[in-house]
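Here is how the chains run, residue by residue.
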Amino acid sequence: MQFIMPLLLILMATAALPRATAQSYPVSGVVELLRNMQSELEAEADKDQEVYEKLACWCTTNDREKTKAIADAESRIADLGSTIEKMTHLSKMLTVEIKNLEKEVAKNQESLD
């Protein structure tokens, strides 16, 4: 930034001179190069701004989508956790019931014999 400011001051000073007079100075080639560099930098800055705006839009959209996906996944995890608990309890109950029925079947089988 410190380098650009003096260059811009030189450009502004030489811009005030008429073209015929400016070309008679040895530094006029350097001034012309600086002018070209300035216009190129401005064009690059415009392109960079466009790219930045596209990326900022993408980031905002992507952030919203990912935040929603995370919230949905966390809700699904909670639902699956409660389902696992219910099924575990049911499994234990059915295991006990199976054992009781096996005992009953064994008693009934003994009474038939």
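Computed from a predicted model, the values in this text were never measured in an experiment.

Comments concerning the overall build of the chain
- Helix and strand counts for the chain stand at three helices and zero strands.
- In sequence order, the chain lays out its α and β elements as α-α-α.
- Here the chain, with 113 residues, has 6% of them falling under the buried criterion.
- Carbon and sulfur atoms form 63% of the exposed surface of the chain, whose accessible area is close to 10100 Å².

A few points about the pattern of salt bridges
- Evaluated as defined, the whole model comprises two salt bridges.
- The closest approach of N and O atoms between R35 and E32, which form a salt bridge, is 3.7 Å. With R35 and E32 both in helix 3 (residues 28-112), this residue pair falls three residues apart, about one helical turn.
- Of the charged contacts in the structure, one is a salt bridge between K68 and D72, with a shortest N-O distance of 2.9 Å. Residue K68 and its partner D72 are both found in helix 3; the two are separated by four residues, about one turn of the helix.
- For K68, a relative accessible area of 54% puts it in the exposed group.
- With a relative accessible area of 43%, D72 lands in the partly exposed category.

Some details on the state of the cysteines
- Applying the stated criterion to the full structure yields zero disulfides.
- We note that C57 lacks a disulfide partner, and the nearest cysteine sulfur, in C59, lies 9.3 Å from it.
- Residue C57 is classed as partly exposed on the basis of its relative accessible area, which comes to 48%.

Considerations on a nonpolar patch on the surface
- A grouping of M87, L90, M93 and L94 is seen on the molecular surface, where their side chains present a nonpolar patch of about 370 Å² in accessible area.
- Along the chain, L90 falls in helix 3.
- Here L90 falls in the partly exposed class, since its relative accessible area comes to 38%.

Topic: helix 3
- With 85 residues, helix 3 should reach 126 Å at 1.5 Å per residue; the first-to-last C-alpha distance of 120 Å fits that figure.
- The set of residues buried in helix 3 consists of V31, L34 and R35.

Description of the confidence of the model for the chain
- Here the chain shows a mean pLDDT of 85. Residues at 70 or above account for 79%.
- Per-element confidence in the chain ranges from a low mean pLDDT of 52 for helix 2 (residues 19-22) to a high of 93 for helix 3.

Things to note about a negative patch on the surface
- Among the surface-exposed residues, E40, E42, E44, D46, D48, E50 and E53 lie close enough to one another that they form a single negatively charged patch.
- Note that E53 resides in helix 3.

Definitions and limits used
- Residues numbered from 1 in each chain as written.
- Predicted model: local features only at pLDDT ≥ 70, side-chain atom pairs only at ≥ 80, totals over all residues.
- Heavy atoms only, no water.
- Helix = DSSP H or I, 4+ residues; strand = E, 2+ residues; numbered from the N terminus.
- Buried < 20%, exposed > 50% of the residue type's maximum accessible area, 1.4 Å probe, protein only.
- Areas by Shrake-Rupley, 256 points an atom, 1.4 Å probe, with all protein chains shown as cover.
- Salt bridge = Lys/Arg side-chain N within 4 Å of Asp/Glu carboxyl O.
- Disulfide = S-S within 2.5 Å.
- Patch = residues over 30% accessible without salt bridge, like charges linked within 9 Å, V, L, I, M, F, W, Y side chains within 5 Å.
- Expected span 1.5 Å × (residues − 1).
- pLDDT = per-residue confidence, 0-100.
- Lys, Arg positive; Asp, Glu negative; His and termini not counted.
- Charge placed at Lys NZ, Arg CZ, Asp CG, Glu CD.

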